Amino acid sequence: MAVLGSDSRRWSGLLLIFVFLCSFITPVVTVKHENFKKCDQSGFCKRNRAYADAALSTSSWQAPYSLDPASIKFDNGMLTGSVVKTIVNTAETVRLPLTIAFYESGTARVTLDEERRQKGDIVLRHDSKAKKQRYNEAEKWAIVGGTTLSQGAATSKGAEKGTTNISYGPAGTFEAVIRHSPFGIDFKRNGETQIQFNNRGLLNVEHWRPKVEKPVEEKKEGEEAVVGESAKDTEEDEGTWWDESFGGSTDSKPKGPEAVALDISFPNYQHVFGVAEHAGPLSLKETRGGDGKYSEPYRLYNSDVFEYEMDSPMTLYGAIPFMQAQKKDSTVGVFWLNAAETWIDITKSSSSTNPLSLGIGSKITTNTHWISESGLLDVFIFLGPKPQDVVGAYTELTGYTQLPQQFAIAYHQCRWNYVTDEDVRDVDRKFDKNRIPYDVIWLDIEYTEGKKYFTWDPDTFANPLGMEKQLDEHERKLVAIIDPHIKNEGNYPVVDELKSKDLAVHNKDGNIYEGWCWPGSSHWVDCFNPAAHTWWKSLFRYDKFKGTAKNTWIWNDMNEPSVFNGPETTMPKDNLHHGGWEHRDVHNINGMTFQNATYHAILARDKEEDKANVRPFVLTRSFYSGSQRLGAMWTGDNQAAWPHLEASIPMLLSMGISGFPFAGADVGGFFGNPSKELLTRWYQAGAFYPFFRGHAHIDTRRREPYLAGEPYTQIITQALRLRYSLLPAWYTAFHEAHTNGAPILRPNYYVHPGDEKGFAIDDQFYVGSTGLLAKPVTTEGADGVDIYLADKEKYFDYFDYWMYEGPTTVSLAASLDTIPLLMQGGHIIPRRDRPRRSSGLMRYDPFTLVVVIGNSGDAEGTLYLDDGESFDYEEGAFIHRRFEYKSATSTLMSEDLAAASASPSRKTKDYLKAMEKVRVEKVIVVGAPESWKSKKEVEVSEELAGKSSGTKSAELEWHGKEEGKAAWAVVRDPGIQIGAGWKISFA
Ligand code: NOJ
């Protein structure tokens, strides 16, 4: 062994110092682009972009699709017909069965399939029929309601020649104008076109064709196709019809080309939002190059995009192919139900009726081009006119967000990894010692024995039940990770069962698929298989997954699925799932099926074994439309860098308007070590994430809030306490999302759809219907922020009641210990102000109501409350109140929003009885009228069990206006129950 000389010792010393210093700096690292396809490396995307270029480059372009008028039938809210595709340069045609359904909700749905050859069919030379079924089961996973056909939809008279018109929607104000040739549809509201299908002629259904073996030419990876110069050339561009290679893997594409593509335009709509998940602005950018625009389409192909980059249309972990378009006072949307890899190009064009206007008064139209690799063309159309109408109709179809257990919306402490059960106990004790609230501590993959899920490392986690017991003492929970890759190793019962029951995903040859992930060689459970669900359930039983307790919940990671040695870090597209579907067909739904299996496994664990009726908590990384029904998501592996904190806000806003509001980003940043300032600002922002979890990579230094040191620990604790005190408002917002799909974080356009100036604002948001308007600080060294106030309304600083008046942009000081947070006039906000160790310990704490009086002089708000853990709320065990302050009578009253029932259920009675002791301890009126100045008392009357309990008085404390600040008043201990009807008279 060489002995180090003094020189080399000095160098190694310097190296150590360098490494040490580096660990304090967090460089922003960027994604390995070479691991992920660009459009021109994805055959079907390249073909369809080329098709679009060719079509749009000539004014004489005629889309080769027409609706056969003789085939059209309309009955009972549903139009059927046959779209005929003429194959370029041949006399052949392909018939595409069309359905257009009109639902009671006002939503329309267009599907195009491909006619299949049936046994015994006479095969005509000019009529080719597909030999395979296109994937048609996406709806089985994504759609849960809202598909009752409309009885009111009817063919409308006066259709121009060559069109069929159907009127539908509220009072028949919607209309679908179906053009026969070339086939296209204009969707109108009150006679005005809102959405157009195929008006640019880019509809392209790549039909089935037999493979004709040709002499093999030498191909270069990812460069197979030649861009056609005309549509005719592109149609014949066979370079990527069959097998296709990327990054050393070859996709055998046994079914050949089968993409579906369509142009969807939004005339006079200047903004489009949605198609989560991407790390970019809320208002989507154009994608065909140019200054400040992207040159790649937005991609949806769920992937483990390690160290993802900012401001990019690159795909991330989840896919929600739902887009909203916004113009002044009008929101419309489309939902592209397809589970295959999808790309979306966006361009905007400007139109002006007057050529001499130099663009003044011109209108922007947004054009989109949707391209999926396989499956049906299946699109839902929402005609608004309000954002709530569009999001509401979309969530009626795909389901409302789960009503989480209360602990799930409190603070979660995670890192990769808490290394022993004693470590977990120690962190738990330190939170208490430092008087910092938290509800959940998480275990990442290292708790297992050799990455074998459903096991515990016997050396480091010898006593998991003891650990869970300690957590339970303060009503805290444990979340343990379970991934979908199952270690391929002998003597591991889980893999043995997976194999013997044949429940894994298969490769293209029909053998069990093997790839690499955390455990090394692994197999993947195929959650498309109902038998896999049954088996998965059995694994979570307390007697099977020993060491878990009633306070153990689950984290599903890597479910895109992430396969370290697979193409684009995922599974080969020609792998096979249950039902014989290729992975290509179902890829974007894969993650949802896994979370779904876990959700039902946890439900069964507690229901069947324990007779408990508790709501599961399952976090997922990968998701699709509908995943919101099953739990929470987070934005994956971000970095401890300011741009990642900044990007988290538009990303979460985008999730919110896409029907999946239970979303968060790793607080502190996953990779790297945040500076203390960044960590502190991240906690302040995180206190406004619907899912609020600190998490860190295994190579980072420990960063539990109590380690930050002063003043940081104190400031972080204040941010956490703010979250805890506002939990009633958060829970009420979740309940609203659960009942009508409304986002929890609401961007400006959603709240003020008439205010064009605010449409692109994505760094501030309202929380539910509370009127709370937050703008987290996301830049280093900032000592203030500008907040845009869209409406003519008073806004008050949450902490000191400083008063602002919109519409304007106001500057707020925001030193490190300040969170810019305003209260919009006209709202009543429920809080619980007693500091506790966990949210479970707040169950019977009294409430504070903050009445924020705005320009009208009135205010209102709601509170939803239940046991925060069981499904008993479905049987009436909840409190739902509406509070209203009326200036005309100077009264604040509480009314019941729960439907009154003459015979309430036992569960309702028991819950209300248990809540009788929960009081309103304080009412704060911000912006209180000057006339109360000399008032010392208010009059309170309460109604209990339907009977008035007489009146009593309570003390009123007056705080006069100080310069710039509002006057406010406090009623202390009015002696009323939160669940009862009451009235406080300030007259
Ligand atoms: C990837 C996840 O995104 C991350 O949060 C987790 O810590 C690691 N996998 C290890 O399980």
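Residues numbered from 1 in each chain as written. Predicted model: local features only at pLDDT ≥ 70, side-chain atom pairs only at ≥ 80, totals over all residues. Heavy atoms only, no water.

Draft legend 1. Seen up close, the pattern of salt bridges. Under the defined criterion, the tally for this structure stands at 63 salt bridges. In this structure, Asp543 and Arg541 form a salt bridge, with 3.4 Å as the shortest nitrogen-oxygen distance. Linking Asp896 and Arg881 is a salt bridge whose minimum nitrogen-to-oxygen distance equals 3.8 Å. With Asp896 in strand β45 (residues 891-896) and Arg881 in strand β44 (residues 878-886), this residue pair connects regions lying 15 residues apart in the sequence. By sharing partners, the salt bridges in this structure join Lys132, Asp251, Lys255, Glu258, Arg299, Glu341, Glu373, Glu568, Lys573, Glu582, Arg584 and Asp585 into a single network. (Salt bridge = Lys/Arg side-chain N within 4 Å of Asp/Glu carboxyl O. Helix = DSSP H or I, 4+ residues; strand = E, 2+ residues; numbered from the N terminus.)

Draft legend 2. Just the UniProt feature "domain: DUF5110" (unreviewed entry) in the chain, in detail. With numbering matched to this structure, UniProt assigns "domain: DUF5110" (unreviewed entry) to residues 848-892. Counted over residues 848-892, helix gives 0% and strand 53%. Its end C-alpha atoms are 14 Å apart. (UniProt positions renumbered as here; feature names shortened; annotations may be inferred.)

Draft legend 3. Looking closely at the pairing of β45. For β44 and β45, the ladder comprises six bridges, and the chain directions are antiparallel. The residue of β45 that forms the bridge with Arg881 is Asp896. The antiparallel hairpin formed by β44 and β45 contains four residues in its connecting segment, where Ser890 sits at a positive phi of about 55°. (Pairing = 2+ DSSP bridges.)

Draft legend 4. Inspection of the UniProt feature "domain: Glycoside hydrolase family 31 TIM barrel" (unreviewed entry) in the chain at higher detail. Mapped onto this structure's residue numbering, the UniProt feature "domain: Glycoside hydrolase family 31 TIM barrel" (unreviewed entry) falls at residues 402-733. This span, residues 402-733, is 35% helix and 12% strand, and a straight line between its end C-alpha atoms measures 12 Å.

Draft legend 5. Fine view of the site of the ligand. Asp444, Asp557, Arg621, Asp637 and His695 are the nearest of the 13 residues found near the ligand. Residue Arg621 places a side-chain N or O atom 2.9 Å away from an oxygen atom belonging to the ligand. Protein contacts shield 99% of the accessible area of the ligand, which totals 290 Å² for the unbound molecule. Residue composition of the shell around the ligand, by class: eight nonpolar, one polar and four charged. (Near = heavy atom within 4 Å. Polar contact = N/O pair within 3.5 Å; in protein donor to acceptor, adjacent residues only side chain to side chain. Areas by Shrake-Rupley, 256 points an atom, 1.4 Å probe, with all protein chains shown as cover. Nonpolar A, V, L, I, M, F, W, Y, C, P; charged D, E, K, R; others polar.)

Draft legend 6. Region of the structure containing the packing of aromatic side chains. The final tally for this structure, using the stated rule, is 60 aromatic pairs. Where Phe306 meets Phe671, the ring centres are 5.1 Å apart and the plane angle is 80°; that geometry is what we call edge-to-face. Remark: Phe671 occurs in the loop between β31 (663-664) and α12 (676-686) and Phe306 occurs in the loop between β16 (298-300) and β17 (322-327); sequence separation between them is 365 residues. For the pair Phe688 and Trp730, a centre-to-centre distance of 6.3 Å together with 55° between the ring planes defines the contact as tilted. Taken as a pair, Phe688 in the loop between α12 and β32 (692-694) and Trp730 in helix α14 (residues 727-740) lie far apart in primary sequence, 42 residues in all. Taken together through their ring pairs, the aromatic side chains of Phe407, Trp442, Trp553, Trp555, Phe617, Trp634, Phe662, Phe691 and Phe734 make up a single cluster. Over the ring of Tyr492 we find Lys452; its NZ or CZ atom is 5.8 Å from the centre of that ring. Sitting over the face of the ring of Tyr301, Lys573 holds its NZ or CZ atom 4.9 Å from the ring centroid. (Phe/Tyr/Trp six-rings, centres within 6.5 Å; stacked < 30°, edge-to-face > 60°. Lys NZ or Arg CZ within 6 Å of the ring centre and 35° of its normal.)

Draft legend 7. Spatial organisation of the environment of Leu316. Positionally, Leu316 belongs in the loop between β16 and β17. Given a relative accessible area of 3%, Leu316 falls into the buried group. Between the C-alpha atoms of Leu316 and Glu560, which are 244 residues apart in sequence, the distance is 9.5 Å. Filtering out sequence-adjacent residues up to four positions away, Leu316 remains in contact with Glu277, His278, Ala279, Tyr301, Asn302, Ser303, Val305, Tyr308 and Met651. (Buried < 20%, exposed > 50% of the residue type's maximum accessible area, 1.4 Å probe, protein only. Contact = heavy atoms within 4.5 Å.)

Draft legend 8. Main features of the sheet that holds strand β27 (residues 520-524). Pairing is antiparallel in the open sheet, where three strands are placed in the order β25-β27-β26. Looking at the sheet topology across the chains shown, the edges are occupied by β25 (485-487) and β26 (515-517). Neighbour-to-neighbour, the strand axes of this sheet turn through a mean angle of 60°, independent of strand direction. Across the sheet, helix α8 (residues 493-500) touches β25 and β27, and the angle it forms with β25 is around 115°. (Axes fitted to C-alpha atoms, helices over the stretch in contact; angles between N-to-C directions.)

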